[in-house]
Amino acid sequence: MKSLAGRKALITGGSRGIGAATALLFAEMGVDVAIGYRARSGDATAVVQRARGFGVIATAIAADIGDRDGAERLVDDAVKQIGAVDFFVGNSGIWIPEDVSLAEMSDDQWHRTMRENLDSMFFTTRAAARVLNDRGRIVLVASTAGQRGEAFHADYAASKGAMISFVKSLCVELARRDITVNCVAPGWVDTEMAAQPYPSGGRERIAAWIPSGRVPEPRVDPVAHHDEYAKAPRLLADSDAN
């Protein structure tokens, strides 16, 4: 595995799921990590302890990043505790599992989703861009819903679509500092946030739409699942042909 020893990373939503897996992968590569979380102090502490097992500096910082002051405090505290940041991963966000049509969607749900997914992205990324080392990296976690929409979850899809456009804008702005800005758009991932649709055959129906035939874990060993990945291009081709 490539070594990135001496580099520093800040990951929001780092106490569980994709954020925790990202923090631990950074730590395994020798990167000092700071994770942001809101309320799950036990989960955050567990991630930090595992990260320290790789011999790196690791810390967890509680903050409400849907608020400007909270987001800026998170970034400031991260710099104080681990040093100037080379990598910023914006992973925090929510997906409300209940199906709600736009006609029935409440103002509160819309505003909550925008606060948690968009306001937090704006405040933290802006704060990170101000302190990120030149030649740094920003990665924001979007969703396939931001690319193709998601019926009965228009709030979530809109927030992730906005994130994708945000990234396209920011990558040009920061190019002069040799900072790259990208987003990843996962589909279904086996995390707590996605667990509610799984009972009563939901997991199997979801897996049937995935080329590998399985809902992936936040971190997948490509060697252990080599056969599944090898089949994916053929499955996609078969799907297109039909």
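Located above this text is the structure these notes cover.
A short tour of the structure in this document, coming up. (Residues numbered from 1 in each chain as written. Predicted model: local features only at pLDDT ≥ 70, side-chain atom pairs only at ≥ 80, totals over all residues. Heavy atoms only, no water.)

Overview of helix 3 (residues 68-82)
Right, on to step 1. Taking 1.5 Å as the rise per residue, helix 3 with 15 residues should run 21 Å; its terminal C-alpha atoms sit 21 Å apart, in good agreement.
Right, on to step 2. Burial in helix 3 covers these residues: Gly-70, Ala-71, Leu-74, Val-75, Asp-77, Ala-78 and Ile-82. Viewed end-on, helix 3 has its buried residues packed into an arc of 165 degrees, placing them on one side of the element.
Right, on to step 3. Looking at the buried residues of helix 3, the elements they touch are strand 1 (8-11), strand 2 (32-37), strand 3 (58-62) and helix 4 (107-131).
Right, on to step 4. Measuring from the backbone nitrogen of Asp-69 back to the side-chain oxygen at the start of helix 3 gives 3.0 Å, which picks out Asp-67 as the cap. (Helix = DSSP H or I, 4+ residues; strand = E, 2+ residues; numbered from the N terminus. Expected span 1.5 Å × (residues − 1). Buried < 20%, exposed > 50% of the residue type's maximum accessible area, 1.4 Å probe, protein only. Arc of directions from axis to C-beta. Contact = heavy atoms within 4.5 Å. Polar contact = N/O pair within 3.5 Å; in protein donor to acceptor, adjacent residues only side chain to side chain.)

Some thoughts on empty space enclosed by the protein
A probe as big as a water molecule, rolled over the atoms, marks out the empty space that is left.
Right, on to step 1. Tallied over the full model, the rule gives one cavity of 30 Å³ or more.
Right, on to step 2. Empty space within the largest cavity amounts to approximately 60 Å³.
Right, on to step 3. Together, Thr-12, Phe-88, Gly-90, Asn-91, Ser-92, Asn-117, Ser-120, Met-121, Thr-124, Thr-125, Leu-140 and Met-163 line the largest cavity.
Right, on to step 4. Of all the secondary structure elements, the ones that give two or more residues to the lining of the largest cavity are strand 4 (87-90) and helix 4.
Right, on to step 5. Top element by residues in the lining of the largest cavity is helix 4. It accounts for five residues. (1 Å grid on protein atoms, 1.4 Å probe; cavity = no way out; pocket = protein on both sides within 12 Å on 5 of 7 lines; lining within 4 Å. Points joined across faces, edges and corners; volume = space filled by probe spheres on them.)

Quick notes on the pattern of salt bridges
Where charged atoms from two side chains of opposite charge approach closely, those side chains can pair.
Right, on to step 1. Here the structure, examined in full by the defined rule, presents 12 salt bridges.
Right, on to step 2. Put simply, Glu-116 and Arg-115 hold a salt bridge, and the shortest N to O gap is 3.7 Å.
Right, on to step 3. What makes Arg-115 partly exposed here is its relative accessible area of 27%.
Right, on to step 4. The shortest N-O distance in the salt bridge between Asp-134 and Arg-177 comes to 3.0 Å. Here Asp-134 is found in the loop between helix 4 and strand 5 (137-141), whereas its partner Arg-177 is found in the loop between helix 6 (154-173) and strand 6 (180-184), with 43 residues between them in sequence. (Salt bridge = Lys/Arg side-chain N within 4 Å of Asp/Glu carboxyl O.)

As for the sheet that holds strand 2
Hydrogen bonds between backbone atoms are what pair the strands of a sheet, whose relative direction is either parallel or antiparallel.
Right, on to step 1. The strand order 3-2-1-4-5-6 describes an open sheet built from six strands, whose pairing is parallel. Each having just a single partner strand, strand 3 and strand 6 make up the two edges of the open sheet. Taking the axes of each pair of neighbouring strands and ignoring which way they run, one obtains an average angle of 15 degrees across the sheet. (Pairing = 2+ DSSP bridges. Axes fitted to C-alpha atoms, helices over the stretch in contact; angles between N-to-C directions.)

Regarding the state of the cysteines
Right, on to step 1. In the structure shown here, the tally under the stated rule is zero disulfides.
Right, on to step 2. For Cys-171, which is in no disulfide, the shortest distance to another cysteine sulfur is to Cys-183 and amounts to 9.6 Å.
Right, on to step 3. Residue class for Cys-171 comes out partly exposed when judged on its relative accessible area of 28%.
Right, on to step 4. Exposure remark for Cys-183: the relative accessible area of 26% places this residue in the partly exposed category. (Disulfide = S-S within 2.5 Å.)

Thoughts on the packing of helix 3 against helix 4
The axes of two packed helices give the description: the angle between them and the distance between them.
Right, on to step 1. Between helix 3 and helix 4, the least distance of the axes is 8 Å, while the angle of their chain directions is 35 degrees. Both helix 3 and helix 4 take part in a crossing whose hand is right-handed. From helix 3, Arg-68, Ala-71, Glu-72, Val-75 and Val-79 reach across to helix 4, where they touch Phe-123, Thr-124, Arg-126, Ala-127, Ala-128, Arg-130 and Val-131.
Right, on to step 2. Its residues placed into classes, the contact of helix 3 with helix 4 shows seven nonpolar, one polar and four charged. (Left-handed = near helix turned anticlockwise from the far one by under 90°. Nonpolar A, V, L, I, M, F, W, Y, C, P; charged D, E, K, R; others polar.)

Overview of the packing of helix 1 (residues 17-28) against helix 2 (residues 41-52)
Right, on to step 1. At a minimum axis distance of 9 Å, the contact between helix 1 and helix 2 shows a crossing angle of 20 degrees. When the interaxial angle is binned, helix 1 and helix 2 end up roughly parallel. Seen from above, helix 1 lies across helix 2 with right-handed handedness. Here Ala-20, Ala-23, Leu-24 and Ala-27 of helix 1 come into contact with helix 2, specifically with Val-47, Arg-50 and Ala-51.
Right, on to step 2. Of the residues in the contact of helix 1 with helix 2, the class split is six nonpolar, no polar and one charged. (Parallel < 35°, antiparallel > 145°, perpendicular 65-115°, else oblique.)

Some words on the packing of aromatic side chains
Right, on to step 1. The full count for this structure, using the stated rule, is two aromatic pairs.
Right, on to step 2. Relative to Phe-87, the ring of Phe-26 has its centre 5.2 Å away and its plane inclined at 25 degrees; by these criteria the two rings are stacked. Placement of the pair is Phe-26 in helix 1 and Phe-87 in strand 4, with a sequence separation of 61 residues. In terms of burial, Phe-26 and Phe-87 fall into one category: buried. (Phe/Tyr/Trp six-rings, centres within 6.5 Å; stacked < 30°, edge-to-face > 60°.)

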